[in-house]
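Per-entry structural report
So you can see what is in the structure, the chains are spelled out below.
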Amino acid sequence: MAKQDIYKLSETPAPNYDVWEFRTRITAQSKGFLEIIRGTETEPSTGHNSKTWKAWKAKNDAAAELIVRALDDDQLIHVRGLETEPAKMWERLRTVHEKTGVTGSAMDLWTRFHTATYTDTSVPLRTHISTIRSYAEALDRLHKDKPSDTQIISRIFTSLPSSYSTIIKILKSHDNANDLDFVTEQILAEETTQKSHPNHPGIRPIDGVNALMASPFPKSTLVCENLVCKTANRTGHTIDNCFWPGGGKEGQWPEWWFKLRGIPASSSTPAPAAMTASVVASGIVTKGQNFIL
């Protein structure tokens, strides 16, 4: 397929029906052709000389042209003979690519949904999340079996590496924990933070949870070995700068830690350089409200 044809439906170099269908559907919608290609706007019975019929004919022909122009040469065989019937063209392409292709089966889509994992950090996290959401959309569109927003959020969480574990724990206890768009926004903000501040004391690509325990100005080189951190396998920080029970800065969570994770400061609480928080036995950090860590 030629470079200039990357937005056309083709089988080579790889099948691209799902993204093609979405792009073409939105284009048809913007041009007022969507009902034509879906077959819900049918030929009027007012006669070929009426203005109503002529207006419909113009839209019908334009819709057919839109579809044909969006096909690579290897796809034209599927729509030949349907030149004046864009709705049948659309249905034929759907049948060929959604129902006979493995990517259109409910089992395959659910498998992809449940196994998507974010391992290649060179790929934008937004792309990974969009992929999971596209599987959910396809399950709804093709099989009327869409996962709930809660299921999608859970799937996003379990697909992420350990460096996102802290923000995930915070989001799980947030008032908007079931708001898919809010959760997505916060996860993407965390990605930006991690990429923008690779040496930040609160961010380390290898293990964000461990890095949150570190301070930019360690007072000693004695590695933290208090029971709480050893149990949770938190390493990479000194005992003097440990915020957890048993550490030299027990309960003294810096203000930047809350800001990086979008935790608003209490309106009645000033914003000093370090915000004191209480850590109860269950491992809950409190700042106006509880955040389970």
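What you see is a predicted model; the values in this text were computed from it and never measured.

A word on the side chain of Glu 191. With respect to the helices and strands, Glu 191 occurs in helix 9 (residues 180–196). On the basis of relative accessibility, which here comes to 11%, the residue Glu 191 falls in the buried class. Among residues more than four places away in sequence, those in contact with Glu 191 are Tyr 118, Pro 124, Leu 125 and Tyr 164.

Its 17 residues place the ends of helix 9 24 Å apart at the C-alpha level, agreeing with the 24 Å of an ideal helix rising 1.5 Å per residue. Those residues of helix 9 not exposed but buried are Leu 180, Phe 182, Val 183, Thr 184, Gln 186, Ile 187, Leu 188, Glu 190, Glu 191, Thr 193 and Gln 194. Capping the start of helix 9 is the job of one residue whose side-chain oxygen sits 3.1 Å from the backbone nitrogen of Asp 181: Asp 179.

Turning next to the confidence of the model for the protein. Where the model shows low pLDDT, its predicted coordinates should not be examined in detail. Residues of the protein with pLDDT of at least 70 account for 65%, and the chain-wide mean is 75. At the level of individual helices and strands, the protein shows its lowest average pLDDT in strand 5 (residues 290–292), which scores 37, and its highest in helix 7 (residues 149–159), which scores 96. Low pLDDT (under 50) marks residues 1–6, which in the prediction has eight contacts with non-local residues, meaning those over four places away or in another chain. pLDDT under 50 marks residues 266–293. Its contacts with residues more than four places away, or in other chains, come to 61 contacts.

This next bit is on the nonpolar core. Counting residues in each nonpolar core, the largest one holds 27 residues, and the members touching the most others are Leu 125, Leu 160 and Ile 187. Contributions of two or more residues to this core are made by helix 5 (106–115), helix 6 (125–143), helix 7, helix 8 (165–172) and helix 9. Looking at which element gives the most residues to this core, the answer is helix 6, with eight residues. Among all residues touching Leu 125, those that are not within four sequence positions of it are Tyr 118, Leu 160, Tyr 164, Ile 187, Leu 188 and Glu 191. Of all hydrophobic cores here, the second largest spans 21 residues; its members include Trp 20, Ala 63, Ala 70 and Val 79.

Definitions and limits used
- Residues numbered from 1 in each chain as written.
- Predicted model: local features only at pLDDT ≥ 70, side-chain atom pairs only at ≥ 80, totals over all residues.
- Heavy atoms only, no water.
- Helix = DSSP H or I, 4+ residues; strand = E, 2+ residues; numbered from the N terminus.
- Buried < 20%, exposed > 50% of the residue type's maximum accessible area, 1.4 Å probe, protein only.
- Contact = heavy atoms within 4.5 Å.
- Expected span 1.5 Å × (residues − 1).
- Polar contact = N/O pair within 3.5 Å; in protein donor to acceptor, adjacent residues only side chain to side chain.
- pLDDT = per-residue confidence, 0-100.
- Core = buried A, V, L, I, M, F, W, Y, C linked by side-chain atoms within 4.5 Å.

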